Amino acid sequence: MSAKKIGILGGSFNPIHKGHLRMAKAARDEYGLDEVWLVPTGFAPHKDDENMALSYSRKNMIELLLSEEPDTDRIILKDLECKSADKNYTYKTISYIHENYPEDELFYIVGEDSIRYFHNWVHPEIITAYSHILVVERNASDTAGIKTGGISPDEMDVRSAIDYVKEKIPGQYSLLSIEPFSMSSSDIRNSILSGADISKAVGEKVSYYIKDHLLYNRGDYDKDLFNDIQEKLQKRLKNSRYQHTLGVMNTAGSLAMKYDYPVDKAMLAGLLHDCAKGMTEDEQIEYCNKHDIALTESELSSPQLIHAKLGSYLCRNKYNVDDKDICHAIQVHTTGCPEMNLLDKILYIADYIEPNRMNLPRLFEIRQSAFEDPDRTLIMILHDTVAYLDRRNMPADPKTKETYEYYKKYMIKQGKDISLIID
Ligand code: DGI
Ligand code: FE
Ligand code: FE
């Protein structure tokens, strides 16, 4: 294999944004690089940890942005640092790449803000020994808050700063000739908190991913609230229903761990999902009439559906969990709905696979699938539910049918073969 030119763009990518790709493309095109590797950090104890998304999600977002941005040939996610529990020093990563790709020529791509502090990094001389440093200029406002010991833009412009650093840490340094741009992950995280649209900066897919997983905007729940609700439900539900509830709560929590959703929130949705089952079906209908909760024809003729809608109402009004995501997930937990969000899917699936469920067809396969591909799992469950209703001459609710059709189309659109899981 002939020697390659490899660009390396390290960072926390928390989250990745289009500016990162601009840097990668500029380096690739100006230096004729064969590949540019995006290398996300693993744990970064020096960063504000609370805002650091799991490397699982940071990697997913890199793949999502690469999949929808034009002109990303030869720009790839390289997962080198995520596996380490230690601090990821750049010199270690560069040494590792050098040792494993000794023939290749390495280019380390950094923003101006980093180069202004580079001489204070740990072993910068190892980085320059093995790689050519490519610097991307930033706007003055983005480099103003430089750490003590760094070179502020008031002191020197970027070229002089590079010369100064080169004097201290000899090596090859070049300034890439792209226009400076203002885009930073921390600004994006702040925009999320203020509810602003971030899709311009990160693309539609990453923007959706962040919303779906509630990244950078996670509340937490009082543990007393859990105990309080558990006590109430234990009194109000039959024992078998209460055991099912605990099973759904814990399964929803496990799925949340797997897919990087806030675990406590998923558990709370699981805990409350069947709260309306403390009433008989007649009582449920009466309660709905009294509180102006409109029921559909389908719900009136199949009253076992009502507890989802009523449960959502009770969640907000009786259990004081006024959380739109949890209420929505409870509302749709029996029939599903098109475009379910991640919590909707977690609850829908957990309800079906929790440990007390038994004697369902292909339950083992559905349980395995739940931890591999939520959308495929939805289809399996919807298929089996429709078949079950059919066998018993029960009508499927229009929402159930709509959801099933929606996800079949959705999977096919994604090029996923579902022919072996449905008939
Ligand atoms: O409340 P759970 O028993 O834990 O589970 P669930 O909320 O999924 O409700 C399941 C019941 O609802 C079960 O008896 C089947 C029924 N069901 C699910 N989808 C439909 C449905 N019944 C009708 N008529 N139509 C549906 O689409
Ligand atoms: Fe239910
Ligand atoms: Fe349930």
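Everything below is about the structure shown above.
So, how was this worked out
- Residues numbered from 1 in each chain as written.
- Chains lettered and ligands numbered in written order.
- Predicted model: local features only at pLDDT ≥ 70, side-chain atom pairs only at ≥ 80, totals over all residues.
- Heavy atoms only, no water.
- Near = heavy atom within 4 Å.
- Polar contact = N/O pair within 3.5 Å; in protein donor to acceptor, adjacent residues only side chain to side chain.
- Helix = DSSP H or I, 4+ residues; strand = E, 2+ residues; numbered from the N terminus.
- Nonpolar A, V, L, I, M, F, W, Y, C, P; charged D, E, K, R; others polar.
- Salt bridge = Lys/Arg side-chain N within 4 Å of Asp/Glu carboxyl O.
- Buried < 20%, exposed > 50% of the residue type's maximum accessible area, 1.4 Å probe, protein only.
- Disulfide = S-S within 2.5 Å.
- Donors = N, O, S within 2.8 Å, 3.2 Å for Na, K, Ca; no water.

Describing the site of ligand 1
Lining the immediate surroundings of ligand 1 are 18 residues, of which His333, Thr334, Pro395, Asp397 and Thr400 lie closest. Separating an oxygen atom of ligand 1 from a side-chain N or O atom of His333 is a distance of 2.9 Å. Interatomic distance of 2.8 Å between a backbone N/O atom of Pro395 and a nitrogen atom of ligand 1. Looking at the shell around ligand 1, the elements with two or more residues in it are α11 (239-259) and α19 (374-391). When grouped by side-chain class, the residues that make up the shell around ligand 1 number four nonpolar, eight polar and six charged.

A closer look at the pattern of salt bridges
Counted under the stated rule, the structure contains 23 salt bridges. Between Arg28 and Asp71 there is a salt bridge, with its nearest N and O atoms 3.0 Å apart. One end of the pair, Arg28, is in helix α1 (residues 18-31); the other, Asp71, is in the loop between α2 (55-68) and β3 (75-77), with 43 residues separating them in the sequence. Take Arg28: its relative accessible area is 2%, and that puts it in the buried class. One connected set of salt bridges, linked through shared partners, spans Lys265, Asp323, Lys324 and Asp325.

Side note on the state of the cysteines
Each disulfide consists of one covalent bond between the sulfur atoms belonging to two cysteines. Inspection of every chain in the model, using the stated rule, returns zero disulfides. Of all cysteine sulfurs, the one in Cys327 lies closest to Cys315, which takes part in no disulfide; the gap is 3.9 Å. Considering cysteine sulfurs only, Cys327 is the nearest to Cys337, which forms no disulfide, with 14 Å between them. On the basis of relative accessible area, Cys337 is assigned to the buried category, the value being 7%.

Concerning the coordination of the iron ion (ligand 3)
At the metal site, the iron ion (ligand 3) is ligated by His244 (NE2), His273 (NE2), Asp274 (OD) and Asp351 (OD), and these contacts range over 2.2 to 2.3 Å. Taken in sequence order, the residues that donate to the iron ion (ligand 3) follow the motif H-x28-H-D-x76-D. The two metals, the iron ion (ligand 3) and the iron ion (ligand 2), are separated by 3.4 Å and share Asp274 as a common coordinating residue. In this pair, His244 sits in helix α11 while Asp274 sits in the loop between α12 (263-272) and α13 (281-290), placing the two residues 30 residues apart along the sequence. Per residue, the accessibility class of His244 equals that of Asp274, and both read buried.

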